[in-house]
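Fold and geometry: a report
For reference, the chains in residue letters:
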Amino acid sequence: MVYNNTQMKTLHNPVLLSEVLANLAPQLGETYLDLTAGYAGHASRILAITQNYKSSCLVDRDINSINFLRAKYQDGEAPEIIHENFCGAAFSLYTCGRTFDLILADFGVSSPQLDNPERGFSFQTSGPLDMRMDSSKGETAGDLVNHGSLARLADILKNYGELSPNLSRKVALAIIKARPFEDTVSLAEAVAKILPRRGRIHPATRVFQALRIAVNDELGEIERTLPLLPDLLNPGGRVAIITFHSLEDRLVKNYFKDVSSDGEESKLEILTKHPITAGSLELGINPRARSAKLRVAKRV
Ligand SMILES: C[S@@+](CC[C@H](N)C(=O)[O-])C[C@H]1O[C@@H](n2cnc3c(N)ncnc32)[C@H](O)[C@@H]1O
């Protein structure tokens with residue numbers, strides 16, 4: 001895909017951008033690792049300050065983001081662009097002894113992933129039950145829904161959709177009875193018949209969240225990557241992490257707490273006592289910011 005300048009500007013609105021800049025505090029010459037570069041919303045602003053392109057890396061597992069980043073940085077100075085899961089990329093960089101002054105991870109999905117029905121992340125418009133961030137490999141949501149066992153589906157709904165054990169089993173059973181499902185809307189409609197609606201939130205939201213987390217092993221990726229971060233940071237280096245739901249935030253919060261409470265041995269110092277959330281101005285223009293939480297720590 002070829003992107004024009006307007007598309008490049010509007011594809012994805014980065015969340016908590018000014019808060020990331022204020023707390024990560026990039027300086028001229030510093031090196032930067034973006035583990036979820038997406039559409040370079042954060043990266044382009046940070047690199048514009050550091051001006052250190054050649055020792056910086058942008059990672060994403062979505063080939064559409066990677067193609068965008070390659071096109072964006074094809075002329076002039078370019079960071080290294082890595083098409084991989086951030087866990088694999090972080091491990092390779094660590095193995096090569098690479099270190100950085102600044103690291104950012106902005107978890108979750110990008111607007112183009114959500115907005116393109118063909119990716120299957122949304123039930124607003126009908127699309128195939130895919131949900132893979134890297135569409136080249138792995139199980140799709142359709143594989144899970146149409147072939148998963150009752151126990152597996154119920155576990156996914158309980159652990160990643162935070163449904164009660166009873167409700168998880170009930171929904172899993174209903175899915176099994178009504179399958180096969182071809183598209184996102186028919187799955188959402190089947191779920192809506194069983195799950196009670198809570199306020200304005202569509203009952204299928206949690207089911208879609210659960211399937212997406214399972215398909216992309218989202219929590220496993222985070223759990224395996226967090227312990228690598230201190231060794232990827234130079235002394236005094238900062239890491240900023242943006243999460244979008246409590247399951248992600250809990251992992252980051254607990255990891256930061258553990259690694260900063262080792263007395264003399266502590267590898268990180270927490271810079272944000274409480275997570276930073278979006279202000280009313282941003283909430284008014286960027287609905288994705290509603291559940292975003294930013295935590296920042298510094299390499300001791
Ligand atoms: C919220 S978007 C990031 C947006 C980016 N900060 C920006 O401002 O343009 C999250 C991105 O992380 C990528 N991603 C999520 N989990 C990943 C993983 N485990 N490995 C690599 N990329 C991942 C997604 O493909 C998506 O492009």
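Just so it is clear, the structure is predicted and the values come from calculations on it, not from any experiment.

Remarks on the overall build of the protein
- Along the protein, the regular secondary structure elements total 15 helices and seven strands.
- Taken against the 2.2 N^0.38 rule, which gives 19 Å for 300 residues, the C-alpha radius of gyration of the protein at 20 Å falls within 12% of a compact globule.
- If one aligns the C-alpha atoms of the protein with their principal axes, the spans along those axes are about 60 × 50 × 40 Å.
- Residues classed as buried in the protein amount to 51% of the 300 residues present.
- Intrachain contacts of the protein at a sequence separation of at least 6 include 69% that bridge at least 24 residues.

Regarding the packing of aromatic side chains
- As enumerated under the stated definition, the model contains five aromatic pairs in all.
- For the pair Phe91 and Tyr94, a centre-to-centre distance of 6.2 Å together with 45° between the ring planes defines the contact as tilted. Pair noted here: Phe91 and Tyr94 are both in helix α5 (residues 86-95), with a separation of three residues, about one helical turn.
- A relative accessible area of 37% places Tyr94 in the partly exposed class.

Describing the confidence of the model for the protein
- Summary statistics for the protein give a mean pLDDT of 95 and a share of 97% for residues scoring 70 or more.
- When pLDDT is averaged over each helix and strand of the protein, the minimum, 50, is found for helix α1 (residues 5-10) and the maximum, 99, for strand β1 (residues 32-34).
- This stretch, residues 5-9, has a pLDDT under 50; its non-local contacts, to residues over four places away or in other chains, come to six contacts.

Thoughts on the site of the ligand
- As a structural note, the neighbourhood of the ligand is formed by 25 residues, with Tyr39, Asp60, Phe86, Asp106 and Glu221 the closest of them.
- Contact distances for the ligand include 2.9 Å between a nitrogen atom and a side-chain N or O atom of His42.
- Of the residues contributing to the shell around the ligand, the split by class is eight nonpolar, 10 polar and seven charged.

Some words on the environment of Ala188
- Counting through the fold element by element, Ala188 comes out in helix α10 (residues 184-192).
- Since its relative accessible area comes to 3%, Ala188 is described here as buried.
- Taking the C-alpha atoms as reference, Ala188 lies 8.2 Å from Phe208; in sequence the two are 20 residues apart.

What about the side chain of Asp60?
- With respect to the secondary-structure elements, Asp60 resides in strand β2 (residues 57-60).
- This buried residue, Asp60, is left without a salt bridge; Arg61 holds the nearest opposite charge, at 6.5 Å.
- Leaving out residues up to four positions away in the same chain, Asp60 has contacts with Thr36, Ala37, Gly38, Ser65, Ile66, Ile82, His83 and Glu84.

Parameters at a glance
- Residues numbered from 1 in each chain as written.
- Predicted model: local features only at pLDDT ≥ 70, side-chain atom pairs only at ≥ 80, totals over all residues.
- Heavy atoms only, no water.
- Helix = DSSP H or I, 4+ residues; strand = E, 2+ residues; numbered from the N terminus.
- Rg over C-alpha atoms; globule rule 2.2 N^0.38 Å.
- Buried < 20%, exposed > 50% of the residue type's maximum accessible area, 1.4 Å probe, protein only.
- Contact = heavy atoms within 4.5 Å.
- Phe/Tyr/Trp six-rings, centres within 6.5 Å; stacked < 30°, edge-to-face > 60°.
- pLDDT = per-residue confidence, 0-100.
- Near = heavy atom within 4 Å.
- Polar contact = N/O pair within 3.5 Å; in protein donor to acceptor, adjacent residues only side chain to side chain.
- Nonpolar A, V, L, I, M, F, W, Y, C, P; charged D, E, K, R; others polar.
- Lys, Arg positive; Asp, Glu negative; His and termini not counted.
- Salt bridge = Lys/Arg side-chain N within 4 Å of Asp/Glu carboxyl O.

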